[in-house]
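Reading the structure
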Amino acid sequence: MKHTFVLMLSLTLMSCTSSLKDHSISSPLFDLQTYFDGKITARGIVQDYSNKLTRQFCVDIDASWQENQGRLHETFYFSDGETQVRVWKLQIHPDGQVTGTADDVVGLASGSATGNAFNWQYVLSVPIDDTSYDFFIDDWMYQLDDHHLMNRSYMKKFGVTLAEITLFFSKAPVNVPCEP
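Anyway, here's the lowdown on the structure attached to this text. No experiment lies behind these values; they were computed from the predicted model shown. The residue count restarts for each chain, going from 1 along the sequence in the order it is written. Only residues with pLDDT of 70 or above have their local features reported here, since the model is predicted, and side-chain atom pairs are shown and tallied only from 80 upward, although totals for entire chains, interfaces and linings are computed over all residues. The basis for every side-chain value is the complete set of heavy atoms in the structure, and neither hydrogens nor water enter the calculation.

Digging into the sheet that holds strand β5 (residues 98-101)
- Reading around the circumference, β1-β2-β3-β4-β5-β6-β7-β8-β9-β10 is the order of the 10 strands in this closed barrel, with antiparallel pairing throughout. Averaged over all adjacent pairs, the angle separating strand axes in this sheet is 25°, with direction ignored.
- Summarising the sheet, strand β7 (residues 117-128) and strand β8 (residues 131-143) pair through 12 bridges and their orientation is antiparallel. Note that in β8 the partner of Phe118 across the bridge is Met141. Note on pairing: DSSP must find at least two bridges between two strands before they are called paired. Each helix is a run of DSSP H or I of at least 4 residues and each strand a run of E of at least 2, with the numbering of both proceeding from the N terminus. Every axis in this analysis is a line fitted to C-alpha atoms, fitted for helices over the stretch in contact. Angles between the N-to-C directions lie between 0 and 180 degrees.

A few points about the layout of surface pockets
- A cavity here means a set of points on a 1 Å grid, drawn over the protein atoms and nothing else, where a 1.4 Å probe fits but cannot get out; a pocket is an open set with protein on both sides within 12 Å along at least five of seven lines, and a residue lines either one if it has an atom within 4 Å of a point. Grid points are joined across faces, edges and corners, and a volume is the space filled by probe spheres set on the points. The calculated volume of the largest pocket comes to roughly 970 Å³.
- What lines the largest pocket is a set of 41 residues, and nearest its centre among them are Gln84, Arg86, Leu124, Met155 and Ile165.
- Listing elements by their share of the lining of the largest pocket, those giving two or more residues are β1 (38-48), β2 (53-66), β3 (69-78), β4 (83-92), β7, β8, β9 (148-157) and β10 (160-170).
- Top contributing element to the lining of the largest pocket by residue count: β7, with 8 residues.
- Residues belonging to the lining of the largest pocket are distributed by class as follows: 28 nonpolar, 6 polar and 7 charged. All residues other than Ala, Val, Leu, Ile, Met, Phe, Trp, Tyr, Cys, Pro, Asp, Glu, Lys and Arg, Gly among them, are scored as polar; the first ten of these are nonpolar and the last four charged.

A look at the pattern of salt bridges
- Salt bridge, as used here, is a side-chain nitrogen of Lys or Arg placed within 4 Å of a carboxyl oxygen of Asp or Glu. According to the stated counting rule, one finds 6 salt bridges in the structure shown.
- Close ionic contact of Lys39 with Asp62 constitutes a salt bridge, the shortest N to O distance being 3.4 Å. In this pair, Lys39 is assigned in strand β1 and Asp62 in strand β2, connecting sequence segments 23 residues apart.
- Throughout, exposure labels follow a simple rule: accessible area from a 1.4 Å probe, protein chains only, divided by the maximum for the residue type, with under 20% read as buried, over 50% as exposed, and the rest as partly exposed. Looking at Lys39, the relative accessible area reads 59%, which means it is exposed.
- Overall, Asp62 belongs to the partly exposed group, its relative accessible area being 37%.
- Across the pair Asp104 and Arg86 runs a salt bridge, and its minimum N-O distance is 2.9 Å. With Asp104 in the loop between β5 and β6 (105-114) and Arg86 in strand β4, this pair connects stretches of sequence that are 18 residues apart. Of the two residues, Asp104 and Arg86, neither departs from the other in class, the shared state being buried.
- Taken together, the shared-partner salt bridges connect Arg55, Asp80 and Glu82 into one network.

Structural data, given as structure tokens:
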């Protein structure tokens, strides 16, 4: 009986796993260097574990590349008046893998693309009151066309999703920047 339960649980968990190719369609192809180049604006929300909306924000991004080395300067403007800055330093490797660092990222972030999807994973150190907590971030970006990208992020601790972040990026010719 115990072995049957373990087998059923294992099969259930295995059926819940997915790969990057399960999250993509063939076009448009996600191209990190092309999309994240120049000025981009994103608008997003944060929802807690119960799907309650907890924050709203806007991000101004200034991105540039030198060969396969990228720099993304992100300025976050939260609806409660808080402002945060994150500067990503990115590297695209010959096999297409992407790695990156930022001051509030623990260790090395890594990701890869298939079709229109890009999966980016890292550990983010988040200050709460007088303590910093490390959360695993599982980012899923989907390029919709040359000007728009959708992003779903899952913030986890001990494998449990505590928050979901949804962002819509715009690189349209008439880009409306954030209003701090």
